[in-house]
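# A look at the structure
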Amino acid sequence: MRKIVAATFVSLDGVMQAPGGPEEDPTGGFAFGGWTFPFWDEASGEAVGELFAEPFDLLLGRRTYDIFAAYWPYADKDDSIAKVFNPARKYVATHRPESLTWQNSEALGADIDARLRALKAENGPRLLIQGSGDLIHQLLAADLIDELRLMIFPLVLGKGKRLFDDGTPPRTFHLDGSRTFPTGVIAARYEPAGAVATGSFGQEKPSAAEIERRRTWR
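The following paragraphs examine the structure supplied in this document. Just so we're clear, the structure is a prediction, and the values are computed from it rather than from any experiment.

With that settled, the discussion passes to the environment of Val-5. Secondary-structure assignment places Val-5 in strand 1 (residues 4-11). Not counting the four nearest positions on each side in its chain, Val-5 is found in contact with Arg-126, Leu-127, Leu-128, Ile-129, Glu-147 and Arg-149.

Turning next to unusual backbone geometry. For residues besides glycine, phi is generally negative; the peptide bonds are generally trans as well. Unlike most non-glycine residues, Ala-18 shows phi in positive territory, near 50 degrees. Mapped onto the elements of the fold, Ala-18 is located in the loop between strand 1 and helix 1 (42-51). Judged by its relative accessible area of 3%, Ala-18 is buried.

In this structure, Arg-126 sits in strand 5 (residues 126-130). Nearest to the buried, unbridged Arg-126 among oppositely charged side chains is Glu-54, at 4.0 Å. A polar atom in the side chain of Arg-126 sits 2.9 Å from the backbone oxygen of Leu-51. Apart from the residues within four sequence positions on either side, Arg-126 is in contact with Arg-2, Lys-3, Val-5, Leu-51, Glu-54, Pro-55, Phe-56, Asp-57 and Arg-149.

Here we come to the packing of aromatic side chains. In total, this model carries 12 aromatic pairs according to the counting rule given. Centroid distance Phe-9 to Phe-153: 5.6 Å. Interplanar angle 80 degrees. Geometry classified as edge-to-face. Taken together, the residues span a long stretch of sequence, with Phe-9 in strand 1 and Phe-153 in strand 6 (residues 147-153) at a distance of 144 residues. Taking the centre distance of 6.0 Å and the plane angle of 75 degrees together, the rings of Phe-30 and Phe-32 count as edge-to-face. Through pairs of rings, three or more aromatic residues link up here, namely Phe-52, Phe-56, Phe-68, Tyr-71, Trp-72 and Phe-85. The ring of Trp-102 has Lys-90 sitting right over it, with the charged end atom 4.3 Å from the ring centre.

Moving on, we come to the pattern of salt bridges. This model, assessed by the stated rule, comprises 16 salt bridges. Where Asp-66 meets Arg-96, a salt bridge forms, and the shortest distance between an N and an O atom there is 3.7 Å. On the criterion of sequence distance, the pair formed by Asp-66 in helix 2 (residues 62-69) and Arg-96 in the loop between strand 3 (90-93) and strand 4 (105-107) is long-range, its members being 30 residues apart. The partner of Glu-106 in a salt bridge is Arg-89, with the nearest N and O atoms 3.9 Å apart. Within this pair, whereas Glu-106 is found in strand 4, its partner Arg-89 is found in the loop between helix 3 (80-85) and strand 3, the two being separated by 17 residues in sequence. Salt bridges sharing partners connect three or more residues here, namely Lys-3, Glu-147, Arg-149 and Glu-191.

This brings us to the pairing of strand 2 (residues 56-61). Counting buried positions along strand 2 gives six out of six residues, so the element sits mostly inside the fold. Burial along strand 2 is two-sided: the residues Phe-56, Leu-58 and Leu-60 and Asp-57, Leu-59 and Gly-61 are all buried. With four bridges joining them, strand 2 and strand 5 adopt parallel strand pairing. If you follow Leu-58 over to strand 5, its bridge partner there is Leu-128. Here four bridges tie strand 2 to strand 3, and the two strands are oriented parallel to one another. Residue Gly-61 lies in a different strand from strand 3, and its bridge partner there is Ala-93.

With that settled, consider the side chain of Asp-113. Mapped onto the elements of the fold, Asp-113 is located in helix 4 (residues 112-121). One buried charged residue, Asp-113, remains without a salt bridge, the closest side chain of opposite sign being Arg-117 at 4.6 Å.

Bringing the pairing of strand 8 (residues 186-194) into the picture now. The pairing of strand 6 with strand 8 spans five bridges and is antiparallel. When the bridges of strand 8 are listed, Met-151 appears paired with Ala-187. As paired strands, strand 7 (residues 172-180) and strand 8 are joined by eight bridges and run antiparallel to one another. Looking across to strand 8, one finds that His-174 is bridged to Glu-191. Here strand 7 folds back onto strand 8 in antiparallel fashion, the turn holding five residues, of which Gly-184 has a positive phi close to 95 degrees.

What counts as what
Residues numbered from 1 in each chain as written. Predicted model: local features only at pLDDT ≥ 70, side-chain atom pairs only at ≥ 80, totals over all residues. Heavy atoms only, no water. Helix = DSSP H or I, 4+ residues; strand = E, 2+ residues; numbered from the N terminus. Contact = heavy atoms within 4.5 Å. Buried < 20%, exposed > 50% of the residue type's maximum accessible area, 1.4 Å probe, protein only. Lys, Arg positive; Asp, Glu negative; His and termini not counted. Salt bridge = Lys/Arg side-chain N within 4 Å of Asp/Glu carboxyl O. Polar contact = N/O pair within 3.5 Å; in protein donor to acceptor, adjacent residues only side chain to side chain. Phe/Tyr/Trp six-rings, centres within 6.5 Å; stacked < 30°, edge-to-face > 60°. Lys NZ or Arg CZ within 6 Å of the ring centre and 35° of its normal. Pairing = 2+ DSSP bridges.

That's the geometry; what it means functionally is another story.
See the structure below:
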């Protein structure tokens, strides 16, 4: 079985749009392209490198594919990311399969969910999503994502494309690991953990410790 892993940069208010640069994705008048740059440090770079250290195939939406295809084939051949991105198999959600010119690229076809279920049933490397917000939304709704790898940056952007949209089904996640960096960035790994449970603090009298905890967090 193969896992689908969605890895993305996200702000505190859930925005994932255009983290890499001003021209990356100005859709909707988004004015903060490149918002990760001021927080980047050596530790953040190492964390990204670790993500690509294990074998993977890329799983991309069309917009992210076009951004990557316009850059990585022409990057320095010794660039650590170019070394793994260029030879990797790329599965792309697109209505224009004939225009996939980056090496080892393949369209997912008309029924993306069915194709990905078939790929997950095979033996092979992880299917790693980079960017591709619309594709992530579709796969979250179809319960096809096995793991979220988030780098959470300490800023609020107010508007922009978000990791979770209104079509995301309610669910809980298990934190499978995390680390923090001097810039305030948090790297966290989550796995789906089931349905949302609810309760009420009014069902029983809280303990003295619980009362103190609530007072402290006001």
